[in-house]
Amino acid sequence: QVQLVESGGGLVQPGGSLRLSCAASIFSFNAMGWYRQAPGKQRDLVVTITKGGSTNYADSVKGRFSISRDNAKNTLYLQMNNLKPEDTAVYYCHAIFYGVDYWGKGTLVTVSS
């Protein structure tokens, strides 16, 4: 069974940094990524990474967020720098495996002074 478990969320001041982690039960996905959902809003793409390593970032996070993966640890990361209040959201790990979408339960990131 495919499982995705996020961690690393929390409260951070504007301008601060956080690193999110997504531990996966398997790692041979076609693509993985991070999405976020702010209160009262739809879930939006943050960044995706293909099996070949191609990435696609939302314009709002380009230059501030970076996705990476550790294949040996079956873990996907999201390094978030220069965080802004508008980055406040629940962040979800996502993966596509044999055409099926899988989601983690999310981790809350709150950017506030």
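Within any chain, residue numbers begin from 1 and follow the written order of that chain's sequence. For a predicted model such as this one, the threshold for reporting local features is a pLDDT of at least 70, and the threshold for listing and counting side-chain atom pairs is 80 or more; totals across whole chains, interfaces and linings nevertheless cover every residue. Hydrogens and waters are ignored; side-chain quantities use all the structure's heavy atoms.

A. Highlighting the packing of aromatic side chains. What counts as a ring pair is set by centres within 6.5 Å for rings of Phe, Tyr and Trp (its six-membered ring), and what kind of pair is set by the plane angle: stacked under 30 degrees, edge-to-face over 60, tilted for all other angles. Within the structure shown, the criterion is met by four aromatic pairs. Ring centres 5.1 Å apart and planes at 70 degrees place the aromatic pair Y35 and W103 in the edge-to-face group. Of the two residues, Y35 is situated in strand 4 (residues 31–37) and W103 in strand 10 (residues 100–103); the sequence distance between them amounts to 68 residues. Residue Y35 is classed as buried on the basis of its relative accessible area, which comes to 18%. Here a strand is any run of E in DSSP of at least two residues, a helix any run of H or I of at least four, and the numbering for each starts at the N terminus. For every residue, the accessible area (1.4 Å probe, protein chains only) is compared with the maximum for its type, and the residue is labelled buried under 20%, exposed over 50%, or partly exposed between those bounds.

B. View of the pattern of salt bridges. Each reported salt bridge corresponds to a side-chain nitrogen of Lys or Arg within 4 Å of a carboxyl oxygen of Asp or Glu. This model, assessed by the stated rule, comprises three salt bridges. For the salt bridge of D59 with K62, the shortest nitrogen-to-oxygen distance reads 3.1 Å. K62 carries the same exposure label as D59, and that label is exposed. In this structure, the salt-bridge partner of D87 is R64, at a minimum N-O distance of 2.8 Å. Of the two residues, D87 is situated in the loop between strand 8 (75–80) and strand 9 (89–97) and R64 in the loop between strand 6 (55–57) and strand 7 (65–70); the sequence distance between them amounts to 23 residues. Both residues of the pair, D87 and R64, belong to the buried class. One salt-bridge network, in which partners are shared between bridges, spans R36, R64 and D87.

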